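This is what each chain is made of:
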Amino acid sequence: MNQLKQKLIEAAGRLRTVSREVAIVPGMQAQATSMLERAERLEANRFTVALFGAFSAGKSSFANALMGEMVLPVSPNPTTAAINKIMPPTDEFPHGTVRVVLKTQEAIESDVLRSLAIFSIHADNLASGLKEVERIDVSQIAPNAKPHYTFLKAVTKGFAEMGGHIGGELIVDMTAFKGFVAKEEKACFAEYIELYFSCPLTDQGIVLVDTPGADSINARHTGVAFDYMKNADVVLFVTYYNHAFAQADREFLLQMGRVKDSFEMDKMFFLVNACDLAASEEELAGVLEHVGKNLLQCGIRHPRIYPVSSQTAMLARLHAKGKLAGSSEKVYRQRLNLSETDELLSAEQALAHSGLTAFEQDFMRYTLGELTEVAVTNAFAEMKRAHATLGEFIQMAQADVHLRAEKRQAASDAKAAAVAAIHALSVASEERDLVKEREELLYYVKQRLFFRFNELFAYAFNPSVLKEDGRNMKQALQSSLQDLLRMIGYDLAQELRATSLRLEKFLNKCGARLTAQWAKETAEYAPGLTLAAYAYHQVETPTFNEELSPQASQSLQKPLGLFKNSKDFFEQNGKTKMRDEMEKLLQEPVAQFIAAGGDLLATQIAEAFAAVVEAERNRVIVQVDEYFTGVFAALDATLDLADLQARQQRIGAQIM
Ligand SMILES: Nc1nc2c(ncn2[C@@H]2O[C@H](COP(=O)(O)OP(=O)(O)OP(=O)(O)O)[C@@H](O)[C@H]2O)c(=O)[nH]1
Ligand SMILES: [Mg+2]
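Note that the structure is a prediction, hence the values are computed from the model and not measured.

## Quick notes on the overall build of the protein
- Along the backbone of the protein there are 24 helices and nine strands.
- Oriented by its inertia axes, the alpha-carbon framework of the protein measures out at about 105 × 70 × 55 Å.
- Looking at the protein as a whole, 52% of its 656 residues qualify as buried.
- Within the protein, contacts between residues at least 6 apart in sequence are counted, and of these 82% link residues at least 24 apart.

Quick look at the structure:
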């Protein structure tokens, strides 16, 4: 594991050396600066590993096992309530420091007002909103609305203590950390919590992000979850051995299925945790197969699935440190099928038995190893480019005096022609392609939503919610309808987020295509110039609305009235009739919703593309300009040839 960081540091060192060698060469300043910046990026490199999964799947337990210490609080009840990041310590934040970054006043207010709206309560501001929480009828809360209620109660409870800190940040110690992470009344005020903690994992520059159970994160933090899914280098998805996939799991995995092809590499790992609960090898194989089938249904093919026991792995790591206490040794022996008199396995064997070794090997090799490799390869490509440019200048400077004079005039003309060609290249065809791509992607969003409509309808209008056991059926029907609309809004917002990522990828394809065209144009006038590789541009995911228009709910009241009784609904064709009616009436509001999201995407992508063109064009022009500065210096014989040759040789040694 240690080699990763070392490889990066070593490549950074070479970049610094080469940068120093060429910094004084006319026409190579931009390359020198760029190599220096790359070196800094490599040295500060962070790999983000984000953990997702349902409540109590064992995300925090697994994170602890990876770190080899009981850092995060763990319990059978919903525990982790805030996003927390375990980070490599810095000078400013030494080992053991905890930084709690609190939400802003606006963020808390909008979270509270949004959650209140789920209960049809509308308030003007935070203070008046919090007073309304008591009005919620606890006996009537739909399962999907539960996280919202828990959240509102937590804000009310914690306001006296935390209210004064809103918008700021707090520095606390490790003891207070556990309270912040696990106590919802505190955690609900935190945007995220950073724990600076030295362990083998963070020493490699890895940032481990532990998230609250998918249920609450889906209900209240969809945008945030998506950003982590999008930006993390590795995503670990944890399920508990004998828990079925919950709806929240499915929603998360569906989203992963939608976007996975937008990533360069497969960055997903699936962990089936608590495998110590397996009664037999056959049972375990059955569970793994079940997980694989579920993933396939979500569009995830060829998943990497690992059975693990976080607890056994943790015990093995304690054993390795000689910290195994009496009671934990007993559990440890049970897990390893050893009697009290048997000799203990080595910690290494026990870790292999827990499944962690197999996971860690692949995790390091396939993802972080490959990511490091890519970073190092790019660094070498840049050094080789510097080596080639310098070689070209040396060759020119060696030419005889008449030839140089001739070339001097030609170079002057070539430079002007190259710059003119760069400006002349039209980007209209890329702009058209982007519009076409967006329209096509959005067309399929609508198709897919209605393809899923039966499933969503059946989930919202299910027999357990519409049971005639004396409950208020009118209210139950309304709640099913609201559930359905909420799921549709959520599904569409997720689709739009996925679309935004696909468009980001397409935009970069267009950008790279332009750069390739510029390279072709400039090659005619400056054959010795190799342009720097196109740099990927990220586009921020817009914040999408997640609710259909209120008119949608109004227009569906009529088909809702078709409900006679649950027998007619579930056993005769009452359900089909209502569903078909609703499907018809929803066409328009869904189309409008997608169109509004599409407008947001259109503006954002157009602006982003204009910015990419501007930035890349300038980058190319600067390179052309620099290159000719070097050419002129070489042809004017103002260079110290012997010195340049020595430099080129030293650079050659760096890139061997
Ligand atoms: N048998 C067994 N139980 C485990 C294992 N890992 C975790 N558990 C138990 O599962 C429960 C949940 O573990 P956590 O790590 O808190 O789960 P989580 O996913 O972080 O839960 P939230 O933070 O609430 O979303 C705890 O009671 C753990 O002791 C394991 O490997 N084997
Ligand atoms: Mg947890």
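## Observations concerning the site of ligand 1
- If you check the shell around ligand 1, you find 25 residues, and the closest are Lys59, Ser61, Thr79, Thr80 and Asp276.
- Within the backbone of serine 75, one N or O atom sits 3.2 Å away from an oxygen atom of ligand 1.
- Serine 309 places a polar side-chain atom, nitrogen or oxygen, 3.3 Å from an oxygen atom of ligand 1.
- Here ligand 1 loses 91% of its free accessible area of 660 Å² to cover by the protein chains.
- Elements supplying a minimum of two residues to the shell around ligand 1: α3 (59–67) and α13 (310–320).
- Looking at which element gives the most residues to the shell around ligand 1, the answer is α3, with three residues.

## Digging into the packing of aromatic side chains
- Inspection of every chain in the model, using the stated rule, returns 23 aromatic pairs.
- Seen from their ring centres, phenylalanine 359 and phenylalanine 363 are 5.2 Å apart, and the 20 degrees between their planes marks the pair as stacked. Pair noted here: phenylalanine 359 and phenylalanine 363 are both in helix α16 (residues 356–398), with a separation of four residues, about one helical turn.
- A relative accessible area of 2% means that phenylalanine 363 is categorised as buried.
- One aromatic cluster in this structure is built from Phe450, Phe453, Phe457, Phe461, Phe563, Phe569 and Phe570.
- Taking the ring centre of phenylalanine 180 as reference, the NZ or CZ of lysine 186 above it sits at 4.9 Å.

## Details of unusual backbone geometry
- If you check the backbone angles, serine 56 has positive phi at about 55 degrees while not being a glycine.
- As for its position among the elements, serine 56 is in the loop between β1 (47–53) and α3.

## Section: the nonpolar core
- Ranked by size, the top nonpolar core spans 169 residues in total, and within it Leu236, Phe359, Phe461, Ile488 and Met582 carry the most contacts.
- Examining the composition of this core, we find that 22 residues originate from one element, helix α23 (residues 574–635), more than from any other.
- Sequence-distant contacts of isoleucine 488, defined by excluding residues within four places in its chain, comprise Leu449, Phe453, Leu456, Leu548, Leu586 and Val590.
- By size, the runner-up hydrophobic cluster in this structure holds 38 residues, among which are Phe52, Phe226, Val259 and Met268.

## Remarks on the sheet that holds strand β3 (residues 98–102)
- Across the sheet, nine strands lie side by side as β4-β3-β5-β2-β6-β1-β7-β8-β9; this open sheet has mixed pairing. Lying at the two open borders of the sheet, with one neighbouring strand each, are β4 (169–172) and β9 (305–307). Direction aside, neighbouring strands of the sheet carry axes that sit 20 degrees apart on average.
- The pairing of β1 with strand β6 (residues 206–210) spans five bridges and is classified as parallel. Its bridge partner lying in β6, leucine 51 is registered against aspartate 210.

## Topic: the packing of α16 against α23
- Following both chains from N to C, one finds α16 and α23 inclined at 35 degrees, their axes separated by 7 Å at the closest point. Once α16 is placed against α23, the crossing between them reads as right-handed. Residues Arg385, Glu392, Phe393, Met396 and Ala397 of α16 pack against Gln623, Tyr627, Gly630, Val631, Ala634 and Leu635 of α23.
- Here the contact of α16 with α23 is built from residues that sort into seven nonpolar, two polar and two charged.

## Concerning the environment of aspartate 413
- For aspartate 413, the location among the structural elements is in helix α17 (residues 401–424).
- Residue aspartate 413 is classed as partly exposed on the basis of its relative accessible area, which comes to 46%.
- Along the chain, aspartate 413 and alanine 225 lie 188 residues apart, while their C-alpha atoms are 54 Å from each other.

## Things to note about the confidence of the model for the protein
- For the protein, the mean per-residue pLDDT works out to 91, and 98% of the residues sit at or above 70.
- Per-element averaging of pLDDT across the protein places helix α9 (residues 214–220) at the bottom with 52 and β9 at the top with 97.

## What to know about the packing of α13 against helix α15 (residues 347–354)
- At their nearest, the axes of α13 and α15 sit 8 Å apart, and the two run at 170 degrees to each other. Our classification of the angle between α13 and α15 gives roughly antiparallel. For the pair formed by α13 and α15, the contact residues are Thr312, Ala313, Ala316, Arg317, His319 and Ala320 on the first element and Ala347, Ala350, Leu351, His353 and Ser354 on the second.
- Looking at the contact of α13 with α15, its residues break down into six nonpolar, four polar and one charged.

The rules behind the values
Residues numbered from 1 in each chain as written. Chains lettered and ligands numbered in written order. Predicted model: local features only at pLDDT ≥ 70, side-chain atom pairs only at ≥ 80, totals over all residues. Heavy atoms only, no water. Helix = DSSP H or I, 4+ residues; strand = E, 2+ residues; numbered from the N terminus. Buried < 20%, exposed > 50% of the residue type's maximum accessible area, 1.4 Å probe, protein only. Contact = heavy atoms within 4.5 Å. Near = heavy atom within 4 Å. Polar contact = N/O pair within 3.5 Å; in protein donor to acceptor, adjacent residues only side chain to side chain. Areas by Shrake-Rupley, 256 points an atom, 1.4 Å probe, with all protein chains shown as cover. Phe/Tyr/Trp six-rings, centres within 6.5 Å; stacked < 30°, edge-to-face > 60°. Lys NZ or Arg CZ within 6 Å of the ring centre and 35° of its normal. Core = buried A, V, L, I, M, F, W, Y, C linked by side-chain atoms within 4.5 Å. Pairing = 2+ DSSP bridges. Axes fitted to C-alpha atoms, helices over the stretch in contact; angles between N-to-C directions. Left-handed = near helix turned anticlockwise from the far one by under 90°. Nonpolar A, V, L, I, M, F, W, Y, C, P; charged D, E, K, R; others polar. pLDDT = per-residue confidence, 0-100. Parallel < 35°, antiparallel > 145°, perpendicular 65-115°, else oblique.

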